[in-house]
Amino acid sequence: MTTPVDEEPRAAIGEPLVVLDGVNKWFGDLHVLQDINLTVTRGEVVVVIGPSGSGKSTLCRAINRLETIGNGTISIDGEPLPEEGKALARLRADVGMVFQAFNLFAHKTILENVTLGPIKVRKQKKADAEKRARELLERVGVAHQADKYPAQLSGGQQQRVAIARALAMEPKVMLFDEPTSALDPEMIKEVLDVMVDLAKGGMTMIVVTHEMGFARTAGDRVVFMSDGQIVEENTPEEFFTNPQSDRAKDFLGKILKH
């Protein structure tokens, strides 16, 4: 009898995978991350929400050291985040990142965009990398676009390619920094559908987003940030129906009325 494919990672749920301990960051005099403590366990989907300027994107970017921190520690799978060099490159390979801007290489085809990392960083054979890339492009619904260039695709298609590119590195955790905020409304759903599918498949995800529907349906936990601090965290159900802090109540009052 064969074991279901998704059973193995699910067995490890509950182990801390991403741990931020007392993390602070300043931009000049502006204290953008204030004593952030956050533990994300394996297989968990954590959705980070809050008003603009609350530190959400900075938090996301600090986790793979695109932003340096002032003090505190960040570790991934028990390893402290390295300062720089090869160790940092290795760790970044374990952390997939999907940005607001798609950041695809304009002069490379879709297939080349997805295979570049596995070939260069993971040292995969080209044929193996291409086979896997086509499977991932199929999974995100753009397999028929493999030989085109990014400019020939819609924004929603480009963002789905960016997700496939991150997945091709077989990351331990995926970071999404407002992945739908640059998209037209009709394209948002096609990207969120892919993300919901990933969440159901057991991928550990940290998602900074304004999409409250995604937070409600796909999140295991909502982390609400304001003014550089984690003000509140709870299950989506509890957070949206019974926010504890005045700041969260005010935020939800503004966004849920529209």
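Residues numbered from 1 in each chain as written. Predicted model: local features only at pLDDT ≥ 70, side-chain atom pairs only at ≥ 80, totals over all residues. Heavy atoms only, no water.

- If you look the protein up in an unreviewed UniProt entry, it shows as Glutamate transport system ATP-binding protein from Nocardioides massiliensis.
- Looking at the Sequence similarities (unreviewed entry) heading of the UniProt record, one finds this comment for the protein: "Belongs to the ABC transporter superfamily."
- Note on the protein: under the UniProt heading Subcellular location (unreviewed entry), the record states "Cell membrane". (UniProt positions renumbered as here; feature names shortened; annotations may be inferred.)

## Quick look at the UniProt feature "domain: ABC transporter" (unreviewed entry) in the protein
(1) Moving on: Mapped onto this numbering, the UniProt entry gives "domain: ABC transporter" (unreviewed entry) at residues 18-252.
(2) Moving on: The distance from the first to the last C-alpha atom of residues 18-252 is 27 Å, and the span holds 39% helix and 26% strand. (Helix = DSSP H or I, 4+ residues; strand = E, 2+ residues; numbered from the N terminus.)

## A look at helix α3 (residues 85-93)
(1) Moving on: Every buried residue of α3 is accounted for by L88, L91 and A93.
(2) Moving on: If you follow the buried residues of α3, they end up packed against β4 (71-76), β5 (79-80) and β6 (95-98). (Buried < 20%, exposed > 50% of the residue type's maximum accessible area, 1.4 Å probe, protein only. Contact = heavy atoms within 4.5 Å.)

## Overview of the pattern of salt bridges
(1) Moving on: Throughout the structure, instances matching the rule amount to 18 salt bridges.
(2) Moving on: E130 is the salt-bridge partner of K126, the closest N and O atoms lying 3.9 Å from each other. One end of the pair, K126, and the other, E130, are both in helix α5 (residues 126-139), four residues apart, so they sit about a helical turn from each other.
(3) Moving on: Note on K126: relative accessible area 56%, which makes it exposed.
(4) Moving on: For E130, a relative accessible area of 23% gives the class partly exposed.
(5) Moving on: Between D250 and K254 there is a salt bridge; the shortest N-O distance is 3.2 Å. On the criterion of helical spacing, the pair formed by D250 and K254 is a turn pair, its members being four residues apart in helix α10 (residues 246-256).
(6) Moving on: Take K254: its relative accessible area is 52%, and that puts it in the exposed class.
(7) Moving on: Salt bridges linked by common partners bring E15, R42, D77, D94, R122 and K172 together as one network. (Salt bridge = Lys/Arg side-chain N within 4 Å of Asp/Glu carboxyl O.)

## Points about the confidence of the model for the protein
(1) Moving on: Per-residue confidence for the protein gives a mean pLDDT of 89; residues scoring 70 or more make up 94%.
(2) Moving on: A low-confidence stretch, residues 1-12 (pLDDT under 50), is modelled with six contacts involving residues beyond four sequence positions or located in other chains. (pLDDT = per-residue confidence, 0-100.)

## Structural notes on the packing of helix α6 (residues 155-168) against helix α7 (residues 185-200)
(1) Moving on: Remark: α6 packs on α7, axes separated minimally by 8 Å, with the N-to-C direction vectors making an angle of 20°. With respect to each other, α6 and α7 are oriented roughly parallel. Once α6 is placed against α7, the crossing between them reads as right-handed. Counted together, G155, G156, Q157, Q159, R160, I163 and L167 of α6 and M187, E190, V191, V194, M195 and L198 of α7 form the full contact between these two elements.
(2) Moving on: Here the residues of the contact of α6 with α7 sort into seven nonpolar, four polar and two charged. (Axes fitted to C-alpha atoms, helices over the stretch in contact; angles between N-to-C directions. Parallel < 35°, antiparallel > 145°, perpendicular 65-115°, else oblique. Left-handed = near helix turned anticlockwise from the far one by under 90°. Nonpolar A, V, L, I, M, F, W, Y, C, P; charged D, E, K, R; others polar.)

## With respect to unusual backbone geometry
Note on backbone geometry: most residues besides glycine have negative phi, and most peptide bonds are trans.
(1) Moving on: One non-glycine residue with positive phi stands out, namely K123, at about 60°.
(2) Moving on: Unusually for a residue other than glycine, E178 sits at a positive phi of about 50°.
(3) Moving on: For E178, a relative accessible area of 12% translates into the label buried.

## Digging into the side chain of R160
(1) Moving on: Here R160 lies in helix α6.
(2) Moving on: Judged by relative accessible area, R160 falls into the buried class, the value being 10%.

## Regarding the pairing of strand β2 (residues 30-41)
(1) Moving on: The pairing of strand β1 (residues 16-27) with β2 spans eight bridges and is classified as antiparallel. Bridge pairing links F27 to L30 in β2.
(2) Moving on: Taken together, β1 and the strand that follows it, β2, pair antiparallel across an intervening segment of two residues, in which G28 is found at a positive phi of about 65°. (Pairing = 2+ DSSP bridges.)

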